[in-house]
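The residues making up each chain are set out below.
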Amino acid sequence: MRRRFKSLKAEMEEMSKEQEGIKEGQRQVREKLESIEEECGQLRKQTKEIIQQSAITQIRLALMFSILKARQEGNFIKASQLTQLLREIIARV
């Protein structure tokens, strides 16, 4: 009877250690997942900023080419208006 009791007690202690190990592993996985999620959020934010900057750059380039075209065509009023628009866009950024 005592042997059986000691055996059960030893098994319970081993199970307890295994459960602690599992809990520790789960905690580490949870921390790693949280870290990855945070990094993904930062990458999404950076990607969004890059896309916005790229769009603004494309608009500015299009305006610059339109200004050059208007000047080549001798349409200085249009060139002046586009130049003013370009200045406003640059001032916002």
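Details of the structure are given in the entry above.
From a predicted model like this one, the values you see are computed outputs, not experimental measurements.

Draft legend 1. Region of the structure containing the nonpolar core. Counting seven residues, the largest nonpolar core is built from Leu63, Ile67, Ala70, Ala79, Leu82, Leu86 and Ile89. Where this core is concerned, the elements lending two or more residues are helix H1 (2-72) and helix H2 (76-92). By residue number, the principal contributor to this core is H2, which donates four residues. Discounting residues that sit within four places of it in the chain, Ala70 has contacts with Asn75, Lys78 and Ala79.

Draft legend 2. Examining H1 more closely. With 71 residues, H1 extends 104 Å from end C-alpha to end C-alpha; this agrees with the ideal 105 Å at 1.5 Å per step. Within H1, burial applies to Leu63, Ile67 and Ala70. Where H1 is buried, its residues touch H2. Two residues or fewer after H1 comes Gly74, characterised by a positive phi angle close to 80°.

Draft legend 3. Examining a nonpolar patch on the surface more closely. Together, Leu61, Met64, Phe65 and Leu68 give the surface a local cluster of nonpolar side chains, amounting to about 390 Å² of exposed area. Position of Leu61 relative to the elements: it lies in helix H1. The partly exposed category is assigned to Leu61, whose relative accessible area is 36%.

Draft legend 4. Representation of the packing of H1 against H2 in the model. Relative to each other, H1 and H2 sit at 160°, their axes nearing to 8 Å. Taken together, the axis directions place H1 and H2 in an arrangement best described as roughly antiparallel. At the point where H1 passes H2, the crossing takes the left-handed sense. Where H1 approaches H2, its residues Ile59, Arg60, Leu63, Met64, Ser66, Ile67, Ala70 and Arg71 are matched on the opposing element by Phe76, Lys78, Ala79, Leu82, Thr83, Leu85, Leu86, Ile89 and Ile90. Residue composition of the contact of H1 with H2, grouped by class: 12 nonpolar, two polar and three charged.

Draft legend 5. Inspection of H2 at higher detail. With 17 residues, H2 should reach 24 Å at 1.5 Å per residue; the first-to-last C-alpha distance of 24 Å fits that figure. Inspection of H2 places Ala79, Leu82, Thr83, Leu86 and Ile89 among the buried residues, and these make up the whole buried set. For H2, the arc enclosing every buried residue in end-on projection is 125°, short of the 170-degree limit, so these residues lie on one face. The exposed set on the far side of H2, more than 90 degrees from its buried face, consists of Ile77, Gln81, Arg87, Ala91 and Arg92.

Draft legend 6. Representation of the pattern of salt bridges. Overall, the coordinates contain two salt bridges when judged by the stated rule. When the shortest N-O distance is used, the salt bridge between Arg27 and Glu24 registers 2.3 Å. Here the residue Arg27 and the residue Glu24 both occupy positions in helix H1, the gap between them amounting to three residues, near one helical turn. Arg27 sits in the partly exposed class, given a relative accessible area of 30%.

Rules of the game
Residues numbered from 1 in each chain as written. Predicted model: local features only at pLDDT ≥ 70, side-chain atom pairs only at ≥ 80, totals over all residues. Heavy atoms only, no water. Core = buried A, V, L, I, M, F, W, Y, C linked by side-chain atoms within 4.5 Å. Buried < 20%, exposed > 50% of the residue type's maximum accessible area, 1.4 Å probe, protein only. Helix = DSSP H or I, 4+ residues; strand = E, 2+ residues; numbered from the N terminus. Contact = heavy atoms within 4.5 Å. Expected span 1.5 Å × (residues − 1). Patch = residues over 30% accessible without salt bridge, like charges linked within 9 Å, V, L, I, M, F, W, Y side chains within 5 Å. Areas by Shrake-Rupley, 256 points an atom, 1.4 Å probe, with all protein chains shown as cover. Salt bridge = Lys/Arg side-chain N within 4 Å of Asp/Glu carboxyl O. Axes fitted to C-alpha atoms, helices over the stretch in contact; angles between N-to-C directions. Parallel < 35°, antiparallel > 145°, perpendicular 65-115°, else oblique. Left-handed = near helix turned anticlockwise from the far one by under 90°. Nonpolar A, V, L, I, M, F, W, Y, C, P; charged D, E, K, R; others polar. Arc of directions from axis to C-beta.

Shape is all these values report; function is a separate question.
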